[in-house]
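# Working through the structure, step by step
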Amino acid sequence: MSTAKKIAVVTGGNRGLGFEASRQLAKQGYKVILTSRDEATGKGAAEKLQAEGLDVISYSLDVTSESSSRNLAEFIRQQFGKLDVLINNAAIFIDAQAGSTSIFHTKIETLQQTIDTNVYGVLRVTQALVPLMKAQNYGRIVNVSSGAGQLTDMGSGMTTYRISKTALNALTRIFASELHGTNILVNSVCPGWVKTDMGGQDAPRTPEEGVETIVWLATLADGGATGGFFRDRLPIDW
Ligand SMILES: NC(=O)c1ccc[n+]([C@@H]2O[C@H](COP(=O)([O-])OP(=O)(O)OC[C@H]3O[C@@H](n4cnc5c(N)ncnc54)[C@H](OP(=O)(O)O)[C@@H]3O)[C@@H](O)[C@H]2O)c1
């Protein structure tokens, strides 16, 4: 079965920026597959958006699982036969709770856990889903990164989170390079400091403001930017 409507997948769509990105993409006419590692939570989040009249369905996806990523790809292949947008949004930030804030106390297990979600997770999901973009020579992949991963402005603290976002930016560059010459555009974005469970209540930005550039990159016209790192629609240093 195939559909003319553009199909978007959002990882970690059940709350925070992923939930808001799902809402904004659906408002722009996309059919959104809101994915969540907890099935019931994802269903509840999708139902909230459906109640707003939006075309959103839920599907369970744990980005740390290769089989979960493959199941999602198979579901999309059977239901829609293509994929247009992938927002790699799911991530964890566990340095403080793991006592890993200073690099001198960072535990290798914390780094492994963080990389498994924030970097390998993006690799697993993208590897599984990109064939659905290649088949139609159209795709927009947005990797939700962070200024915390910028090498030019690298500070201390948040050690494993920082390392994971720097590595994520490397994935963006490599994917974009390998997809060069196709109509599949891959970019990193820093959403700014946003009021979510991760960002905390002191953050100045609302989720709606935070997803603005994410949605812009997800909806780039043909020939648009690829292999870039953006905040507020402007390129920023790696
Ligand atoms: N908020 C900020 O200020 C800020 C700033 C810069 C960058 N970012 C980035 O923006 C993105 C979204 O952040 P947020 O603030 O919305 O964070 P959040 O509120 O903590 O939400 C994180 C989302 O990721 C999901 N997730 C975590 N591990 C997962 C896994 N193994 N499989 C699938 N989903 C998983 C969570 O699912 P559960 O509900 O199941 O835990 C949740 O849906 C992240 O990439 C983050 O690094 C945020």
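Quantities reported herein were computed from a predicted structural model and do not represent experimental measurements. (Residues numbered from 1 in each chain as written. Predicted model: local features only at pLDDT ≥ 70, side-chain atom pairs only at ≥ 80, totals over all residues. Heavy atoms only, no water.)

Attention now moves to the pattern of salt bridges. Summed over all chains, the structure comprises 13 salt bridges. Salt-bridge contacts for arginine 77 lead to glutamate 74; the nearest nitrogen and oxygen are separated by 3.2 Å. Of this pair, arginine 77 and glutamate 74 both sit in helix α3 (residues 66-79), separated by 3 residues, roughly a single helical turn. Overall, arginine 77 belongs to the partly exposed group, its relative accessible area being 39%. Through salt bridges with shared partners, a single ionic network connects Lys5, Lys31 and Asp55. (Salt bridge = Lys/Arg side-chain N within 4 Å of Asp/Glu carboxyl O. Helix = DSSP H or I, 4+ residues; strand = E, 2+ residues; numbered from the N terminus. Buried < 20%, exposed > 50% of the residue type's maximum accessible area, 1.4 Å probe, protein only.)

With that settled, the discussion passes to the pairing of strand β3 (residues 56-60). Pairing of strand β2 (residues 31-36) with β3, which is carried by 5 bridges, proceeds in the parallel orientation. Looking at β3, one finds that threonine 35 is bridged to tyrosine 59. Handedness of the crossover is the feature at issue here: the chain leaves β2, passes through helix α2 (residues 39-51), returns alongside β3, and the resulting connection is right-handed. (Pairing = 2+ DSSP bridges. Right-handed = clockwise from strand over helix to strand, strands pointing away.)

Let us now look at the nonpolar core. Among the nonpolar cores identified, the biggest contains 30 residues, and Val9, Ile76, Leu83, Leu86 and Leu129 are the most heavily contacted of them. Considering every element that reaches this core, the biggest residue donor is helix α4 (residues 108-134), with 9 residues. Those residues in contact with leucine 83 that sit more than four places away from it in its chain are Ile7, Ala8, Val9, Ile76, Leu129, Leu132, Met133, Gln136 and Tyr138. Val10, Ala26, Leu49 and Ile87 belong to the second-largest nonpolar core, a separate cluster that totals 29 residues. (Core = buried A, V, L, I, M, F, W, Y, C linked by side-chain atoms within 4.5 Å. Contact = heavy atoms within 4.5 Å.)

All right, on to the sheet that holds β2 then. What links the strands of a sheet is backbone hydrogen bonding, and the strands pair in either a parallel or an antiparallel sense. Spatial strand order, β3-β2-β1-β4-β5-β6-β7-β8: 8 strands in an open sheet with mixed pairing. Lying at the two open borders of the sheet, with one neighbouring strand each, are β3 and β8 (234-235). Bridge analysis of strand β1 (residues 7-10) against β2 gives 4 bridges, and the strand direction is parallel. Bridge assignment links valine 10 to a residue of β2, and that residue is leucine 34. Against the sheet, α4 makes contact with β1, β4 (85-88), β5 (139-144) and β6 (184-189), and its axis sits at roughly 175° relative to β4, the strand it touches most. (Axes fitted to C-alpha atoms, helices over the stretch in contact; angles between N-to-C directions.)

Take α3 next. Over its 14 residues, α3 runs 20 Å from end to end, which matches the ideal 20 Å to within 8%, given 1.5 Å per residue. Along α3, the positions that sit buried rather than exposed are Ser68, Ser69, Leu72, Ala73, Phe75 and Ile76. Buried residues in α3, looked at end-on, bunch into an arc of 160°, giving them a common side. Facing away from the buried side of α3, by more than 90 degrees, are the exposed residues Arg70 and Gln78. Buried residues in α3 make contact with β1, β2, β3 and α4. Glycine 81, located one to two residues past α3, shows a positive phi value of around 75°. (Expected span 1.5 Å × (residues − 1). Arc of directions from axis to C-beta.)

Near the ligand, the surroundings consist of 28 residues, among which Asn14, Arg15, Arg37, Tyr161 and Thr196 are the closest. Measuring from an oxygen atom of the ligand, one finds a side-chain N or O atom of lysine 165 at 3.0 Å. Here an oxygen atom of the ligand and a backbone polar atom of valine 194 are 2.8 Å apart. Expressed as a share of its isolated accessible area of 900 Å², the protein-covered part of the ligand is 93%. Taken together, the elements giving at least two residues each to the shell around the ligand come down to α1 (16-27) and α5 (159-178). Each residue belonging to the shell around the ligand can be placed in one class, and the counts come to 12 nonpolar, 11 polar and 5 charged. (Near = heavy atom within 4 Å. Polar contact = N/O pair within 3.5 Å; in protein donor to acceptor, adjacent residues only side chain to side chain. Areas by Shrake-Rupley, 256 points an atom, 1.4 Å probe, with all protein chains shown as cover. Nonpolar A, V, L, I, M, F, W, Y, C, P; charged D, E, K, R; others polar.)

Moving on: the side chain of threonine 196. Tracing the backbone through its elements, the reader meets threonine 196 in the loop between β6 and α6 (207-210). Of note is the side chain of threonine 196, whose polar atom sits 3.2 Å from the backbone nitrogen of methionine 198. Of note is the side chain of threonine 196, whose polar atom sits 3.0 Å from the backbone nitrogen of glycine 199. Look past the residues within four positions of threonine 196 in its chain and what remains in contact with it is Gly16 and Leu17.

Helix length check: α2, at 13 residues, gives a terminal C-alpha distance of 18 Å against a target of 18 Å (1.5 Å per residue), a fit within 8%. For α2, the set of buried residues is Gly42, Ala45, Ala46 and Leu49. Summarising the axial view, the buried residues of α2 lie within an arc of 95°, below the 170-degree limit, and thus occupy one face. Structural note: α2 exposes Ala40, Lys48 and Ala51 on the side pointing more than 90 degrees away from its buried face. Check the buried side of α2 and you find it contacts α1, β2 and β3. Backbone geometry just after α2 places glycine 53 at a positive phi near 85°.

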